[in-house]
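This is what each chain is made of:
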Amino acid sequence: MKKIEFTLLLLLVTVTFHAQKISGKILDKNDNPIPQARIGIENQEIGDITDSNGNYIIDLTNVDKTKIIKVIVNEYEPFKATIADFTKLQNHTIILKKKIINLEAVVINPKKYVLKNFGTSKSKKAYGGFDSSEPDDIFKEYAIKIKNKKNLKVNKININIVDQKFEKNVTFIFDIQNEKDGFPDDAQSLVNDPLRLTVTENDIKNKKISLDISDKSIWTDKDFFVLVRIADDFKGQFSFGGNIFAFSKDTYYRNYFGKWKKYSGGEPAINVDVMIEK
C-alpha cells in the first residue's frame, strides 16, 4: 500500500511540475503570428521569445503566483496579467492590439534646430556584445542613457562593431524609452513601429551599422534611453566598440524583463543622430 501511495504522490508531483510549463502563441488581431515577441516575468530573468510562428514556452515552476507576466512588443499595446490569473486560462494564446499614439503635428523650423550626435562612437576597443554559444547572451538587452532637456527628434541609431563572426546575419531590435527612476521604462516607449535592422558581415562598413528612422516621429524633451537586443536565431558572436574606463559613462543591461542593472565605468558604442532645438 505504501508503494502505491508513493507512486501516486510521485505522479502528482510530476503533473504539478509539468503544469507550470505553459505553451501558447502570440498573435495580432488578425491571427497573424508575432515573431521575436518577448514574454517574461516582470523584474525576473525568466521568459521566452516567440519563433516565426508566434510560439512560446515559458516555465513558471516555483514562480510566485502574484508576479506579473507580460509581453512587450514596440508596435503593440502591452499585455500584463498575474501568473495566478494567466495559469487559470484554458487557452494561452495572447492577442495583441496595435498601439495607437496620437502625434501632434510638429513644424520644424531649420533656423531653430541643429543636427547633433549623442552617445559613444568610433571606439576601437571591444566592450560587451553577444555570443550564441552562451545561452543567456541571446536574451540580453543593452541600453545607453542620453541626457536631454530640449525638444529633439531622433533620426538615426548607430552602432560600432569591432569584432564579428557569424554564420548568416544578425537582426538588431531597437527601442527608445523615456526614463523612470533613472532606468528605461517599458511603459514609456516612444516607438510606434518595429525598429529592426538585419545585416550580414559584409554590411558592416568602417565598423559601423546604422538604422535610419528619420521617417518616424520620435520626439522627446527629456532624458531617454536607446535599447538594443538581437533576434534569438543569431548564430555567431560580435562585440560592440566601447568607451572603457570612462567613469562618467554608464552601461545598462538586463535579461528578458529582469531588473535593469547599471555598470559605471564605460559605455558601448551606441549613439544617435538627432535634430535638436538650439
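For the structure itself, consult the block above.
Residues numbered from 1 in each chain as written. Predicted model: local features only at pLDDT ≥ 70, side-chain atom pairs only at ≥ 80, totals over all residues. Heavy atoms only, no water.

(A) Up close: the nonpolar core. Of all hydrophobic cores here, the largest spans 39 residues; its most connected members are V154, I159, F172, F174, I176 and F238. At the level of elements, β10 (140-146), β11 (152-166), β12 (170-180), β14 (195-199), β15 (208-212), β17 (224-230), β18 (236-244) and β22 (270-277) are the ones that each hand at least two residues to this core. The dominant element in this core, judged by the number of residues it contributes, is β11, at 6 residues. If we ignore the near neighbours within four places in the chain, the residues touching F238 are G128, G129, F130, I161, D163, Q164, V170, F172 and I230. Residues I26, A37, Y76 and I83 belong to the second largest nonpolar core, which totals 19 residues. (Core = buried A, V, L, I, M, F, W, Y, C linked by side-chain atoms within 4.5 Å. Buried < 20%, exposed > 50% of the residue type's maximum accessible area, 1.4 Å probe, protein only. Helix = DSSP H or I, 4+ residues; strand = E, 2+ residues; numbered from the N terminus. Contact = heavy atoms within 4.5 Å.)

(B) Inspection of the sheet that holds strand β4 (residues 55-59) at higher detail. Spatially, the 3 strands line up as an open sheet ordered β4-β1-β7, and their pairing is mixed. Strands with a single pairing partner mark the edges of an open sheet, and in this sheet they are β4 and β7 (94-96). In this sheet, neighbouring strand axes are inclined to one another by 30° on average, regardless of whether the strands run parallel or antiparallel. The pairing of strand β1 (residues 21-28) with β7 spans 3 bridges and is parallel. Bridging across to β7, L27 finds its partner in I95. (Pairing = 2+ DSSP bridges. Axes fitted to C-alpha atoms, helices over the stretch in contact; angles between N-to-C directions.)

(C) Structural detail: the side chain of D28. For D28, the location among the structural elements is in strand β1. Within the buried core, D28 has no salt-bridge partner, and the shortest N-O distance to an opposite charge, that of K98, equals 7.3 Å. Within the local environment of D28, its side chain forms a polar contact with the backbone nitrogen of N30, the two atoms lying 2.9 Å apart. From its side chain, D28 meets the backbone nitrogen of N32 in a polar contact 2.8 Å long. Excluding anything up to four places from it in sequence, D28 contacts I34, Y76, I95 and L96. (Lys, Arg positive; Asp, Glu negative; His and termini not counted. Salt bridge = Lys/Arg side-chain N within 4 Å of Asp/Glu carboxyl O. Polar contact = N/O pair within 3.5 Å; in protein donor to acceptor, adjacent residues only side chain to side chain.)

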